[in-house]
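# Tertiary structure, described
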Amino acid sequence: MKKSIFLIGAFTILAITACKKEDPTPITPVEESGPRLIFQYDFDSTQVRLDAFGQPVSVPSGHGAQNPTMNTMTAHYIELAQGAYTPVGQGSVIYHAEETTLGGATAIVFSKTKIVGKGETFFSIPLKDLTPGEYEYLRVSVGYQNFDVKYYLDTTIAIQGMPDMVIQQEYPGTIASFIGFNSYITNYKIKTETISVNGNRKQGYWGFETKANIQGYPLNYTSTGQSPAGATTVVNPIAGSSPIPAGSCLVTGKFANNKLVITGNETQDIIIKVSMSTNKSFEWEDNNSNGKWDATKGEAVVDMGLRGMIPYIQ
C-alpha cells in the first residue's frame, strides 16, 4: 500500500514591507584601478535589537520572534550623510540600483542586482570619485533578502490502515523577500525551487519553500504572496532631525568608530563592514504563547525588518 499524508492547514501570509523608491539618478559603478571604498555585509543576531527610532526594544507581549539565518541580501540605494540634519538625498548618493519600466511602473531590475552573502562585497567605488568631506551616517536601502527560519508543526495526521501520526516538531524553511519599492522579476530561486514571474511585483512580494522529512514522509512545499504595507520596522536613529520618506525602508546607521573621512588623497582601500542586526527580526503573533511559529495555525508574521545597522570602518 502506498503511503501518503496530508498536512492540515495552510501557511499564513508573511507580512513584509519594503523600500519606497528614492529619487536620485542611477549611478553605474565602473571598475577602475586605484584605492576604493568597499562595502561588505555582516549579519549579527547578537547586535542590539532596535525600534524604528533607534532605541533598544524587546519583543512585545503576545508576539514570538526568532533570529533568522540570513543567506543573501542586495542593496538598492547607498548614501553617505554628513550629519544628523542632512536630508535624505542631500548627502553623497553613491549608488542607486538600475530600474526599468518594462513591466509598467518603474521598478528595480532584479536580474541585474548583486546578491551577496556575509563578508562579500555588495558595492565598491573609487575613492577619487567621492566628494571629499566627513560623513557621520550611512543610509542603505535593502532591495531583497533571503533567509532561513523554523516553523512548528503540531498536528495529528490520519493514515489509512495505520495508527494516527502525531507531529510536534520544528522544520526548516527559506524565505525570499523582495523588499524594494517595486521589482521587475523574470524568475528567482528561493532555495532549490525557481519561481517564474515575468513582471512587476510591489513591495512585500515573497516566496517560501520548505523541504522536510516528516517521520519518513517527504514534505515539499512552496508558496508565494504579497504582504500589506506598513508592517516592518525601519530603523532611523535620526528620525527627529532627518526623517525618511513615508513608507520607505531606508535603514540609517551611525559609523561606529569614527566619522568616515574622505580627503581625495587616499592611497589604500577603505572597507566598510555594514553590520545588520537580525536579533529576533522575524516576528509573529504568538497566539498560543509557545514561542514557536505555528505557521499552519494562523500565526501571522508581523515584522521582518532589520533591527539596526552599524557601519564599521575597517
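Keep in mind the model is a prediction, meaning the values are calculated, not measured. Think of each chain on its own: its residues are numbered from 1, step by step along the sequence as written. Totals for whole chains, interfaces and linings use every residue, but because this is a predicted model, local features are given only for residues with pLDDT of at least 70 and side-chain atom pairs only at 80 or more, for both listing and counting. To obtain the side-chain values, all non-hydrogen atoms of the structure were included, while hydrogens and water were left out.

## A short note on the overall build of the protein chain
Only DSSP runs of H or I covering at least 4 residues are called helices, and only runs of E covering at least 2 are called strands; the numbering of each starts at the N terminus. Looking only at helices and strands, one finds zero helices and 20 strands in the protein chain. Burial classes follow relative accessibility: with a 1.4 Å probe on protein chains only, a residue under 20% of its type's maximum area counts as buried, one over 50% as exposed, and anything between as partly exposed. The buried share among the 314 residues of the protein chain stands at 52%. Accessible surface area values rest on a Shrake-Rupley calculation with a 1.4 Å probe, where residue burial reflects the displayed protein chains alone. Carbon and sulfur atoms make up 49% of the accessible area of the protein chain, which totals about 14100 Å².

## Side note on empty space enclosed by the protein
Every definition here rests on a 1 Å grid over the protein atoms only: cavities are sets of points where a 1.4 Å probe fits but cannot get out, pockets are open sets enclosed by protein on both sides within 12 Å along at least five of seven lines, and lining residues have some atom within 4 Å of a point. Grid points are joined across faces, edges and corners, and a volume is the space filled by probe spheres set on the points. Applying the stated criterion to the full structure yields three cavities of 30 Å³ or more. Here the second largest cavity defines a volume of roughly 50 Å³. Along its surface, the second largest cavity is lined by T74, A75, H76, I108, F110, T113, G143, Y144, F178 and S183. Here the lining of the second largest cavity gets three residues from one element, more than from any other, and that element is strand β3 (residues 69-81). Just so you know the grouping, Ala, Val, Leu, Ile, Met, Phe, Trp, Tyr, Cys and Pro go in nonpolar, Asp, Glu, Lys and Arg go in charged, and all remaining residues, Gly too, go in polar. Looking at the lining of the second largest cavity residue by residue, the classes come out as five nonpolar, five polar and no charged.

## A few points about the nonpolar core
Side-chain atoms within 4.5 Å link the members of a nonpolar core, which is a set of buried Ala, Val, Leu, Ile, Met, Phe, Trp, Tyr and Cys residues. Among the nonpolar cores identified, the biggest contains 57 residues, and L37, F39, Y41 and M276 are the most heavily contacted of them. Among the elements that take part in this core, strand β9 (residues 137-157) stands out by supplying eight residues, more than any other. Those residues in contact with M276 that sit more than four places away from it in its chain are Y41, D42, F43, D44, Q47, M73, V140, V142, L306, G308 and M309. In this structure, Y144, A176, F178 and I190 belong to the second largest nonpolar core, which totals 10 residues. Only heavy atoms enter the contact rule, under which two residues are in contact if any of them lie within 4.5 Å.

## Concerning the sheet that holds strand β7 (residues 121-126)
When DSSP finds two or more bridges between two strands, those strands count as paired. Pairing in this open sheet of four strands is mixed, and the strands run β7-β1-β17-β20 from one edge to the other. Looking at strand neighbours, the two that pair on one side only are β7 and β20 (309-313), the edges of this open sheet. Strand-to-strand twist in this sheet, taken as the mean axis angle between neighbours without regard to direction, amounts to 20°. Relative to β20, strand β17 (residues 270-277) is paired through five bridges, and the arrangement is antiparallel. Residue pairing for β20: M276 is matched across the bridge by M309. Orientation is described by axes fitted as lines to C-alpha atoms, over the contacting stretch for helices, and by angles from 0 to 180 degrees between their N-to-C directions.

## Here we look at the packing of aromatic side chains
The way to describe two aromatic rings as a pair is by their centre distance and the angle between their planes. Centres within 6.5 Å make a pair out of two Phe, Tyr or Trp rings, where for Trp the six-membered ring is used; the pair is then stacked when the planes are under 30 degrees apart, edge-to-face when over 60, and tilted otherwise. Evaluated as defined, the whole model comprises 17 aromatic pairs. Relative to Y144, the ring of F110 has its centre 5.2 Å away and its plane inclined at 55°; by these criteria the two rings are tilted. Of the two residues, F110 is situated in the loop between β6 (107-109) and β7 and Y144 in strand β9; the sequence distance between them amounts to 34 residues. Of the residues examined, F110 reaches a relative accessible area of 10% and is grouped as buried. Relative to Y188, the ring of F178 lies with its centre 4.9 Å away and its plane at 75°, an arrangement referred to as edge-to-face. Taken together, the residues span a long stretch of sequence, with F178 in strand β10 (residues 165-178) and Y188 in strand β11 (residues 182-189) at a distance of 10 residues. Overall, Y188 belongs to the buried group, its relative accessible area being 3%. Over the ring of Y205 we find R201, and its NZ or CZ is 5.6 Å from the ring centre. Comment: the charge-over-ring label is applied if NZ (Lys) or CZ (Arg) is within 6 Å of the ring centre and within 35 degrees of the ring normal. A cation over an aromatic ring shows up here: K292 above the ring of Y152, its NZ or CZ 5.6 Å from the ring centre.

## Here we look at the environment of N71
Tracing the chain through its elements places N71 in strand β3. N71 gets classed as partly exposed once you look at its relative accessible area, which sits at 28%. In this structure the C-alpha to C-alpha distance between N71 and K118, which are 47 residues apart in sequence, comes to 7.4 Å.

## So, the environment of W284
With respect to the helices and strands, W284 occurs in strand β18 (residues 282-285). With relative accessibility at 0%, the residue W284 sits in the buried group. For the pair W284 and A295, spaced 11 residues apart in sequence, the C-alpha separation works out to 9.3 Å. The residues touching W284, leaving out its near neighbours within four places in the chain, are G62, H63, G64, A65, Q66, G291, K292, W293, E299, A300, V301 and V302.

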